[in-house]
Each structure stands twice: as structure tokens, then as C-alpha cells.
Amino acid sequence: MNRTLRLLTPLLLALCTLRAPAHGEAASAFRPAGCEAHGTESLRTEMRTETESPRTVELRTAAEAPGSAEMRTMTEEPRTAEVRTGAETPCTAQARPEAAAPRRTKAATQRADAAHDGSESPALRFRPDGRFRILQLTDLHYTASARRSGHVLPMVADLIDRERPDLIVLTGDLVYDRPAAPLLRRIGTLLAGKGVPYAVTLGNHDAEQDLTRDEVYAAVRALPGCINARFNPPGEPQGTFAVPIDTDDGRCAAVLYIMDSNDYNADDGTYAGVDAGQVAWYERRSEELERRCGAKVGALVFMHIPLPEYAEAFDGDPARVGFRLESECPGRDNHGMFEAMVRRGDVRGVFAGHDHSNDYAAVLRGIVLAYGRYSGGYAEYQELVSGARVIELHRDRPGFVTWMRLANGREVRRAEYPRP
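This is a predicted model, so every value here is computed, not measured. (Residues numbered from 1 in each chain as written. Predicted model: local features only at pLDDT ≥ 70, side-chain atom pairs only at ≥ 80, totals over all residues. Heavy atoms only, no water.)

Caption draft 1: Looking closely at the state of the cysteines. All told, the structure shown has 1 disulfide when counted by the stated rule. The residue that forms a disulfide with Cys-252 is Cys-293, at a sulfur-sulfur distance of 1.8 Å. Classification of the bridge connecting Cys-252 and Cys-293 rests on its S-S torsion, roughly -70°, and on that basis the disulfide is left-handed. With a gap of 41 residues between them, Cys-252 in strand E5 (residues 252–258) and Cys-293 in helix H11 (residues 276–293) connect regions that are remote in the sequence. (Disulfide = S-S within 2.5 Å. Helix = DSSP H or I, 4+ residues; strand = E, 2+ residues; numbered from the N terminus.)

Listed below in C-alpha cells is the structure:
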């Protein structure tokens, strides 16, 4: 008996040390093949300091705000959140039927529908103080599981309340469960309820559920408050479109190029990335804007899969800001998007998602290549505290200021481009 205990003791001690990864800790077992982990111990020490602010600041009591029980999962570890039941799953609740509306003419109904889906949303303009703030959300990987995703939308709501953006850009991998349509509607309803317009492009996972890529975009176009319907009309390739930002007097001030980076190559299943047709589209639109406005219009680009030049930017920029904790996973083929942007000379920054453990911004040949901050929950691998990237343009200055807003309320990684 004693001999058996001596043999089992090391095994029992090892088992006692096992636990689920905490929010912000490594979950490298879920990292996609071919995307190796990076990072030194000093980087990981710096990463851990992002979680040192008092967590109790973020906890809502029932007296402070409704739905506080769901908000608490923002700072819980997966093992704590695991005890929540399916009854608390955000997507289990069905919308109550609304009272019958008075009869309307067909034209009035069409106008109301257009306003509802964003196709008649007001023009995007700089604020009176000259600022325009963008909140980039990426890789929500939203599911119907309370344990994996129950905290995601309350976190997003809190990020919006803190930053008060003028526009939200979602750069792919929104949903990670089926049926996908109710999950998309729940995301859209939350964003519309905040009164902030938003643009959507897809990632490589959005069409892996129960909808094709075209069907996902059709669902996105119908979401309340989504501006895709206005700037990306039917008949055009979906997910790739330009969003102008004007001054109060209607002058050209800036443009955002939202670009679908596709999903997988049909021949070998590797990541696709932006294709040659999209590069040509960008060049045409950039030239058209320059002709119409009489000068090049400063631009930002948003996509899911990063460009192949990201690794070169990180390796070659000693003043880079942020983490690279995994290898970049760009599209297999380089179709020349970066070179086209260099030739045109209008793009100031590119913002991607896809690689959950990277959040850096680095400069290559005058263009900032940056990641957003992983905005999802526990449905996929992560090593960083969830959050969002914020980008702020100014009407009278070139470039932008950017920072991260984390789920625990902290602001980190503030940087100005061009660098002072």
C-alpha cells in the first residue's frame, strides 16, 4: 500500500496543478498549425502587467447597472465562468413580438427599412473639434455558449461606452457557431443600440458555420445600423468598399478602405488574403478620389488576414509598439497590395486581425502595419487580455493616434503616426 502511494504521489501532485488557462494566459494548444509562438520572458512579463489594475473596478453590482451578472464574466477565468448555465446564454432569449404598427405606404415602408439596415445612414463627418475616432473590433468568435462567449458583448458595450467612437469597424471572424444568423443579429442589435454606425468585413471562419460567404454578407447588410448596405451596394463584390469621411462643408478629408481578405485557397486550403482584383480595385478608387478631390486623400485600410509585409515591418522597425507572440499568418500569395499602396502614397495605416496573440504596430516604408486587439472570449486561443484598438484621425493633421483599450479598462500602447 505504501509503495502504491509513493508511486501515485507525483502523479496526484501534477494533476493538482492543472487548471484552465486564465484570461490573458497562454492557450497555445489552440493556435493554428504553422503559426508558431513567439515571445521572450520579458515580453510575457510585460504582458502580465496589463492585468494588474484592480479587477473590482470593472464589476457591476445589481444596483449600478442591469445585467451585472453577465458583466462579471468580463474578468472571470474560464473555470469560474464554466459554472454558468445554458439558461444565461445571451442567444437563448427570443425577441418579444412587437405591437402591430399602423399601416404605412409602400414608399414609407421602404424608407424605414433602408434606415433600419443602414443604407440611409447619415454621412460620416469629423467632429466639430476636428477628431474622428474609430474602434476596431476583431475576432469576436462569438458563440451561443455562455462559458465561451457570455462576456463578449457586455465587454464590447463597455468598450464603446468608454471610447465613444464615431465608427466601429469589425475586421472578421464575428461568429463561430451555428446557427450563425441569430448570433449576427445579436451583435448588430447591441451595436445599433449604442447608436454608433459600423462596417463589417469577414474573416476566414465566418462562412464555416451554416451560411455561405454571400449569405453571411446578406445577413450583415440587413443588420440595424450597419453601413455596408450604403457603401457596398448589391451587385458589387461584398466586403470590399470605400467609406469616405468628410468635413462639415463636404470637403474630402479621409477615406477608409474596408477589404475582404477572403478565406482559403481552393487548391491547398492555405490562407488566401487580398487578391489581384482587389488590388486593382483599390488603385482605381484611389485615383478616382484624387481626381474628384483635387489631391490625394489620406486613407486607412482594414482587413482580416494581414499582408505578407507585416513580418518585415516588425523585424525592421526598432521603434515598433506591441507584442508579437506568434508568427504572422498572411495569405499564401502576395498580390502586391502593399506595393500598390506605396505607389499611390495615400495609405497611412493598415489594420488587421486573424493572429490573436499579436497586437503590434510597426512602420514599413512610411505605412503603419498594425493588428487590432483580440476582441473575443474563450472560444479560441488567446494570450492577451481581450480589448479593442482605437484609431483617432484629426481633420487638420496627417496620420493618426492609436491605442488599445482593454477589457479591464486600461489604456495601453498609445502611439502617434507619423512619429513626432
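Caption draft 2: Focus on the sheet that holds strand E2 (residues 167–171). Overall, mixed pairing links the 6 strands, which are arranged E3-E2-E1-E10-E11-E12 in an open sheet. Among the strands making up the open sheet, the edge pair consists of strand E3 (198–201) and strand E12 (411–417). When the angles between neighbouring strand axes are averaged without regard to direction, this sheet yields 20°. Relative to strand E11 (residues 397–406), strand E10 (residues 387–394) is paired through 8 bridges, and the arrangement is antiparallel. Pairing of Glu-392 across the sheet is with Val-401, part of E11. (Pairing = 2+ DSSP bridges. Axes fitted to C-alpha atoms, helices over the stretch in contact; angles between N-to-C directions.)

Caption draft 3: Expanded view of the pairing of E3. Residues of E3 alternate between two faces, with Tyr-198 and Val-200 on one and Ala-199 and Thr-201 on the opposite face, all of them buried. Bridge count for E2 against E3 is 4 bridges, and the pairing is parallel. Its bridge partner lying in E3, Val-169 is registered against Ala-199. Taken together, E2, helix H8 (residues 180–193) and E3 constitute a β-α-β crossover, and its handedness is right-handed. (Buried < 20%, exposed > 50% of the residue type's maximum accessible area, 1.4 Å probe, protein only. Right-handed = clockwise from strand over helix to strand, strands pointing away.)

Caption draft 4: Structural view of helix H13 (residues 337–344). Looking only at H13, the buried set comprises Met-337, Phe-338, Ala-340, Met-341 and Arg-344. One face of H13 carries all of its buried residues, which in axial projection span an arc of 160°. Tucked inside the fold, the buried residues of H13 contact H11, strand E6 (299–302), strand E7 (347–352), strand E8 (361–364) and strand E9 (367–371). Just past H13, the residue Gly-345 takes up positive phi, approximately 70°. (Arc of directions from axis to C-beta. Contact = heavy atoms within 4.5 Å.)

Caption draft 5: Representation of the sheet that holds E5 in the model. Strand order in this open sheet of 6 strands is E4-E5-E6-E7-E9-E8, and the pairing throughout is mixed. In this open sheet, the two edge strands, each paired with only one partner strand, are strand E4 (241–246) and E8. Geometrically, the sheet is characterised by an average inter-axis angle of 20° between neighbouring strands, direction not taken into account. Running over the sheet, H11 touches E4, E5 and E7 and is turned about 170° from E5. Together, E6, E7, E8 and E9 form the strand contacts of H13, whose direction differs from that of E9 by roughly 140°.

Caption draft 6: Local environment of unusual backbone geometry. Cis geometry is adopted by the peptide bond preceding Pro-179, which originates at Arg-178 and carries an omega value of 0°. For Pro-179, the position within the fold is in the loop between E2 and H8. The omega torsion across Tyr-417 and Pro-418 is -10°, close enough to zero to call that bond cis. In this fold, Pro-418 is placed in the segment after E12.

Caption draft 7: Fine view of the side chain of Asp-173. Structurally, the position occupied by Asp-173 is in the loop between E2 and H8. Among the polar contacts listed, one links the side chain of Asp-173 to the backbone nitrogen of His-205, at a separation of 2.9 Å. Other than its neighbours up to four places away in sequence, Asp-173 contacts Asp-139, Leu-140, His-141, Leu-202, Gly-203, Asn-204, His-205, Asp-206 and His-304. (Polar contact = N/O pair within 3.5 Å; in protein donor to acceptor, adjacent residues only side chain to side chain.)

Caption draft 8: Here's a closer look at the nonpolar core. Counting 38 residues, the largest nonpolar core has Ile-168, Leu-170 and Ile-187 as the members making the most contacts within it. Listed by contribution, the elements that provide at least two residues to this core are strand E1 (131–137), helix H7 (152–163), E2, H8, E3, helix H9 (213–221), E10 and E11. The element best represented in this core is H7, accounting for 6 residues. When residues no more than four places from it in sequence are discounted, the contact partners of Ile-187 are Leu-140, Tyr-142, Leu-153, Leu-170, Leu-174 and Val-175. With 30 residues, the next largest nonpolar core counts Val-255, Trp-281, Ala-340 and Ala-362 among its residues. (Core = buried A, V, L, I, M, F, W, Y, C linked by side-chain atoms within 4.5 Å.)

Caption draft 9: Examining the confidence of the model for the protein more closely. Averaged over every residue, the pLDDT of the protein is 81; residues scoring 70 or more account for 72%. Mean pLDDT across the secondary structure elements of the protein bottoms out at helix H4 (residues 78–81), with 32, and peaks at E9, with 99. Note on residues 9–29: pLDDT under 50 across the span, and 32 contacts to partners over four residues away in sequence or across chains. Counting interchain partners and residues more than four positions distant, the pLDDT-below-50 stretch residues 52–115 has 78 contacts. (pLDDT = per-residue confidence, 0-100.)

Caption draft 10: Inspection of the environment of Gly-130 at higher detail. Mapped onto the secondary structure, Gly-130 falls in the loop between helix H5 (106–117) and E1. Residue classification places Gly-130 among the buried positions, given a relative accessible area of 0%. Along the primary structure Gly-130 and Leu-393 are separated by 263 residues, whereas in three dimensions their C-alpha atoms are 8.2 Å apart. Leave out the neighbours within four places in its chain, and Gly-130 touches Leu-393, His-394 and Arg-395.

Caption draft 11: Main features of the pattern of salt bridges. Under the definition given, this model contains 27 salt bridges. Its salt-bridge partner being Glu-392, residue Arg-131 comes within 3.3 Å of it at the nearest N-O pair. Separated by 261 residues along the polypeptide, Arg-131 in strand E1 and Glu-392 in strand E10 bring together distant segments of the chain. Note on Arg-131: relative accessible area 25%, which makes it partly exposed. (Salt bridge = Lys/Arg side-chain N within 4 Å of Asp/Glu carboxyl O.)

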